Amino acid sequence: MNKRQINNSMDILGKEEYSNPTKQARVRLAIINVIVTLGIMTLATLLSVYFRYIGFHESNFIMAYILGVLIVAKQTDGYIYGILASVIGVSSFNFFFTEPYYTFATYRPDYPVTFLIMLIVASITSTLTAKAKQEARLSSLREKRTQVLYEISKGLLKVRSINQISEVGGMALAKLFNCSVIMATANSLNNLDEPFIYTYDYDDRAAIFKSFQERRAAEESFETGSPVGIGTEKYADSSAYYLPIRGQSGTLGVVGVSCFAGKLLTDEQVRLLEAVTTQIALAMERERLSEKQQKAKLDVERERLRSNLLRAISHDLRTPLTGILGSTATILDNDEVLDKKVKRELLQSVQEEASWLIHSVENMLNITRIDEGITLKKNMEAVEEIIAEAISRIKKFASNHIIEIDIPADLILLPMDGILIEQVLINLVDNALKYTPHGACIGIKTQIEGEKAVFEVSDNGNGIPEADIPFIFDRFYTAPTINMGRRGTGLGLAICKSIVTAHGGEISAFNNPSGGATFRFTLPLKEGY
């Protein structure tokens, strides 16, 4: 079972706004409200005494008490304290400011009517003020609730896995409700995975989530798709309220909010929890749909590559095999009449076609290795030796071309997989041989630039059509025309890019101002660059 610690430094809503106070807390709050009411009405009485002292009309005394009632309604909770202030105001006015003073008796027959009107006005005023205050509080709560949902929604949009969604949602709920939260998501077998516990403010009581009863309550909520736990009929003695995360495709998981010491969630908290779990469900379904689409896309791409590879094998290898078969058949059928020179030419043709077949098969094996993930076997290799080995393997195909090598006099040692970099050079030179006419010059150049070694394979042929440059490193892409009698499989340059990228380098191609094209790739001089 995984745990995450949540502190209370980022609470979005205050504890008092979504709290469900205990009986002791309600009594304490009532005492405070009564004291505030008595204090404000005492101040209104003192203000009225001052008005009488300076000779104000008694109507100002009434206004002072109504003002006190308004302030009481604003500073206290509920209607009862405003009504209490109204009664205190009328009684105080009668006791202190009507003759005979300091008694509740009255001489003037119109005073009872005045008292009644004063009580009605004060009561209505306090009631309207308390109602306006309540509406303002509800409006504030709705605004904060909208803000909370927006922040959670924004956080869920940034995640890219079910575990990240669970973490963002669990941490947000822990901060929102100021309590520990447990969250478990369904796996591919539609069973609950190991739950995550998001402990609020180092609350040790969250360890109870590991108990069998709590785990069973969470599983019951997942299986039934209904709320379970404290405040419900099932597992009512639980220490948390469990709510299933329901999506259109079914139940995706369960979230549990701790309710220690029997402190139930309010209706507003339950509605907010349902709103948040709905957002979490949408994010989970979005991610699952994305995973399915990605898997389907990969399956389609894998099938396409397999089909292309089979087509390349069946179509592009047929030509050299036909040539080999024809040459060997000619030698076998006409061995006695063929002179030594013709036999040598036919055998040389067989050798060249077989070498090309080996080169093509190596490319196909390398592309399979790349799909499975390249594992580099790096050693400090001398650049000069790698180039020399590549030239020795490709020169049999370059009898009609000129190959020039330009490398620094100083020894260059690089951390590389020598066999793979050698294959890169062979593929690049082979590509130049296919796309240049006989007699063309192919250059191989190496130099140091900063923290990188730069390799260039260039030619003086016709260059690369500008429309083809963005696609030449794609698998199975070949140019429309090739000067040689055979076409490639379209894997060579794609393999080059994968190998160079795996080494932490870059590869590119461009046309030379004087004609022809250049393929350039870089390798870091040291590990980590």
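Remember, it's a predicted structure, so these values are computed and weren't measured experimentally.

Rules behind the numbers
- Residues numbered from 1 in each chain as written.
- Predicted model: local features only at pLDDT ≥ 70, side-chain atom pairs only at ≥ 80, totals over all residues.
- Heavy atoms only, no water.
- Axes fitted to C-alpha atoms, helices over the stretch in contact; angles between N-to-C directions.
- Helix = DSSP H or I, 4+ residues; strand = E, 2+ residues; numbered from the N terminus.
- Parallel < 35°, antiparallel > 145°, perpendicular 65-115°, else oblique.
- Left-handed = near helix turned anticlockwise from the far one by under 90°.
- Contact = heavy atoms within 4.5 Å.
- Buried < 20%, exposed > 50% of the residue type's maximum accessible area, 1.4 Å probe, protein only.
- Pairing = 2+ DSSP bridges.
- Patch = residues over 30% accessible without salt bridge, like charges linked within 9 Å, V, L, I, M, F, W, Y side chains within 5 Å.
- Areas by Shrake-Rupley, 256 points an atom, 1.4 Å probe, with all protein chains shown as cover.
- Salt bridge = Lys/Arg side-chain N within 4 Å of Asp/Glu carboxyl O.
- Phe/Tyr/Trp six-rings, centres within 6.5 Å; stacked < 30°, edge-to-face > 60°.
- Expected span 1.5 Å × (residues − 1).
- pLDDT = per-residue confidence, 0-100.

With respect to the packing of helix H2 (residues 58–75) against helix H3 (residues 80–97)
- Across the interface, H2 lies against H3 with an axial gap of 9 Å and an inter-helix angle of 160 degrees. As summarised for this structure, H2 and H3 are arranged roughly antiparallel, according to the angle between their axes. The two elements H2 and H3 meet at a crossing, and its hand is right-handed. Residues Glu58, Phe61, Ile62, Tyr65, Val69 and Val72 of H2 form the contact with H3, whose own contacting residues are Tyr81, Gly82, Ala85, Ser86, Gly89, Ser92, Phe93 and Phe97.

Let's talk about the pairing of strand E2 (residues 181–185)
- When you tally the buried positions in E2, you get 5 out of 5 residues, the bulk of the element.
- What you see with E2 is no split at all: Val181, Met183 and Thr185 on one side and Ile182 and Ala184 on the other are buried throughout.
- By the bridge criterion, 3 bridges tie E2 to strand E3 (residues 196–200) in an arrangement that is antiparallel. The partner of Met183 across the bridge, within E3, is Phe196.
- Note: E2 against strand E6 (residues 250–258), 5 bridges, orientation antiparallel. Considered in E6, the bridge of Ile182 is made with Gly256.

Observations concerning the environment of Ala184
- Tracing the backbone shows Ala184 in strand E2.
- With relative accessibility at 7%, the residue Ala184 sits in the buried group.
- Considering only alpha carbons, one finds Ala184 and Ala218, 34 residues apart in sequence, at a separation of 8.3 Å.
- Among residues more than four places away in sequence, those in contact with Ala184 are Leu192, Asp193, Pro195, Gly253 and Val254.

A word on the pairing of strand E13 (residues 517–524)
- Counted residue by residue, E13 has 7 buried out of 8 residues, so it is predominantly covered.
- Where strand E12 (residues 507–511) lies against E13, 5 bridges are found, and the strand directions are antiparallel. Among the inter-strand pairings, Ala509 is bridged to a residue of E13, identified as Phe519.
- Counted between consecutive antiparallel strands, the loop separating E12 from E13 contains 5 residues, among which Gly515 sits at a positive phi close to 115 degrees.

Focus on the packing of helix H10 (residues 383–394) against helix H11 (residues 418–434)
- The N-to-C vectors of H10 and H11 enclose an angle of 45 degrees; their axes lie 9 Å apart at closest approach. What the angle tells us is that H10 and H11 run oblique. The hand of the H10/H11 crossing is right-handed. For the pair H10 and H11, the contacting residues are Ile386, Ile387, Glu389, Ala390, Arg393 and Ile394 in the first and Gly418, Ile421, Glu422, Gln423, Leu425, Ile426, Val429, Asp430 and Leu433 in the second.

Considering a nonpolar patch on the surface
- Together, Leu47, Tyr50, Tyr53, Ile54 and Phe56 give the surface a local cluster of nonpolar side chains, amounting to about 540 Å² of exposed area.
- Relative to the elements of secondary structure, Tyr50 occurs in helix H1 (residues 23–53).
- The exposure class of Tyr50 is partly exposed, given its relative accessible area of 47%.

Topic: the packing of aromatic side chains
- Taken as a whole, this structure holds 10 aromatic pairs when the rule is applied.
- Centre to centre, the rings of Phe61 and Phe97 are 4.9 Å apart; their planes meet at 40 degrees, and the pair counts as tilted. Of this pair, Phe61 sits in helix H2 while Phe97 is found in helix H3, placing the two residues 36 residues apart along the sequence. For the pair formed by Phe61 and Phe97, the shared burial category is buried.
- Seen in terms of ring centroids, Phe93 and Phe97 are 6.3 Å apart; in terms of plane orientation they differ by 35 degrees. Their pairing is tilted. With a gap of 4 residues between them, Phe93 and Phe97 both fall in helix H3, about one helical turn apart.
- Using a relative accessible area of 1% as the deciding quantity, one classes Phe93 as buried.

Quick look at helix H5 (residues 162–177)
- Spanning 16 residues, H5 covers 22 Å between terminal C-alpha atoms, matching the ideal 22 Å at 1.5 Å per step.
- Those residues of H5 not exposed but buried are Ile162, Ile165, Ser166, Gly169, Gly170, Ala172, Leu173, Ala174, Lys175, Leu176 and Phe177.
- Phi for Asn178, located one or two positions after H5, is positive at around 55 degrees.

Some words on the confidence of the model for the protein chain
- With 85% of its residues at a pLDDT of 70 or more, the protein chain has an overall mean of 80.
- Per-element averaging of pLDDT across the protein chain places strand E1 (residues 2–6) at the bottom with 56 and E13 at the top with 94.
- Here residues 8–20 is a poorly scored stretch, pLDDT under 50, and it has 29 contacts once near neighbours within four places are set aside; other chains count.
- Taken as a whole, residues 481–486 scores under 50 in pLDDT and shows 13 contacts with residues more than four places along the chain or in a different chain.

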